[in-house]
Amino acid sequence: MRDRKLIRTKPDSLSSVLVTSLRNRNKRQPQSKGCGEDGLPIIASYNVHKCVGRDRKFDPDRISHVIQEIGADIIALQEADSRFGERTGLLDLIRLERECGLTPVPISAGAKAHGWHGNVVLFKEGSVRDVHPLKLPGLEPRGALVVELELKQGGTLRIIAAHFGLLRRSRAQQAKALVELLNTRDEQPTILLGDLNEWRLGNGSSLNTFRDAFGTLPPAVPSFPSGLPVLALDRIISNREGLIENVTAHDSALSRIASDHLPLKAAIRTDVLGG
């Protein structure tokens, strides 16, 4: 036999990711179905970019239509509030409940704000057992919502909805803060999702901080920019093998323009939750 050389793979560079995205450009097909057609609940994450689309139009109705397309049972939104001055919610939550059956997890962040530092978690069925808003460290005002849900299908699921900062040092601090919080709580099925602003997979990536708590991360799914997704800034990861499956971007004609991010979604294996 011929000797086999040990090949060391390097983390994807921005140029290689861009080339791959350009090659796959013509293969993109608008989606009409969700990822839970077999009856599994869907969890999703969506940075709505303050309801401003790629055409620079402020259009909350368009965002609501995309959320309706996704058909999620649980969804975490980022940038759902105005950022400066008194935070004000930008979406019609009554409409989302009427048309999608989604109700927001209640928090006391402010009378006019939808969520916590722009983070909102909405769900269809079940009950909220605990909510913990967490202010994340870093130069920018960032936060995370830690929510424990009793699902109608049975079992308790912990959701961590987060939006990390633009600076690498801040992201490292924010990832460490989330892991430290998890270490102070009882171990239970947990899904971390949101805009983590991190596409790198090398030694400098803040995602490495999650490996001990969450194990092997699912394959990266490009979600930004929505017109031609190159960077996997949005993530859905879990701490139980098999808890989530089929992590994909919701790539529809409307989602490509409604925000600068594509939504990310996955199916939840409720049989992994236990009773």
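To be clear, the structure that these remarks concern was listed above.
Residues numbered from 1 in each chain as written. Predicted model: local features only at pLDDT ≥ 70, side-chain atom pairs only at ≥ 80, totals over all residues. Heavy atoms only, no water.

A. Summary view of the sheet that holds strand β11 (residues 264–268). Here six strands make up an open sheet; going across it, the order is β3-β4-β2-β1-β11-β10 and the pairing mixed. Only two strands of the sheet have a single partner each, and these edge strands are β3 (103–104) and β10 (244–249). As paired strands, β3 and strand β4 (residues 120–123) are joined by two bridges and run antiparallel to one another. Residue pairing in the sheet places Pro 104 in a bridge with Leu 122 of β4. (Pairing = 2+ DSSP bridges. Helix = DSSP H or I, 4+ residues; strand = E, 2+ residues; numbered from the N terminus.)

B. View of the pattern of salt bridges. Within the structure shown, the criterion is met by 18 salt bridges. The partner of Arg 62 in a salt bridge is Asp 55, and the shortest N-O contact between them spans 2.9 Å. For Glu 245, the salt bridge is made with Arg 269, and the minimal N-O distance between the two is 3.9 Å. Residue Glu 245 is located in strand β10, and its partner Arg 269 is located in the segment after β11; the two are separated by 24 residues in the primary sequence. Given the relative accessible area of 27%, Arg 269 is considered partly exposed. Connected through shared salt-bridge partners, Arg 129, Asp 130, Glu 148, Glu 150, Arg 158 and Arg 185 make up one network. (Salt bridge = Lys/Arg side-chain N within 4 Å of Asp/Glu carboxyl O. Buried < 20%, exposed > 50% of the residue type's maximum accessible area, 1.4 Å probe, protein only.)

C. Here's a closer look at the nonpolar core. Residues Ile 43, Ile 74, Val 121, Leu 157, Ile 159, Ile 191 and Ile 236 are the most contacted members of the largest nonpolar core, which totals 25 residues. Looking at this core, the elements that each hand over two or more residues are β2 (74–78), β4, β6 (142–150), β7 (156–163), β8 (190–195), β10 and β11. Beyond its immediate chain neighbours, meaning those up to four positions away, Ile 159 contacts Ile 43, Ile 74, Leu 145, Val 146, Val 147, Leu 149, Ile 191 and Leu 193. (Core = buried A, V, L, I, M, F, W, Y, C linked by side-chain atoms within 4.5 Å. Contact = heavy atoms within 4.5 Å.)

D. Inspection of unusual backbone geometry at higher detail. Residues Phe 224 and Pro 225 are joined by a peptide bond in cis, for which omega reads -10°. Topologically, Pro 225 is positioned in the loop between α5 (211–214) and β9 (234–238). The backbone of Arg 56 shows a phi angle near 70°, a positive value even though the residue is not glycine. Within the secondary structure, Arg 56 sits in the loop between β1 (42–47) and α2 (60–70). You can call Arg 56 exposed: its relative accessible area is 77%. In this structure, Asn 197 is a non-glycine residue whose phi angle is positive, near 50°. Mapped onto the fold, Asn 197 is located in the loop between β8 and α5. Here Asn 197 falls in the buried class, since its relative accessible area comes to 11%.

E. Broad picture of α2. For α2, the complete set of buried residues consists of Pro 60, Arg 62, Ile 63, Ser 64, Val 66, Ile 67 and Ile 70. Summarising the contacts, the buried residues of α2 are in contact with β1, β2, α3 (93–100), α6 (255–258) and β11. Of the residues flanking the end of α2, it is Gly 71, one or two places downstream, whose phi is positive at about 70°.

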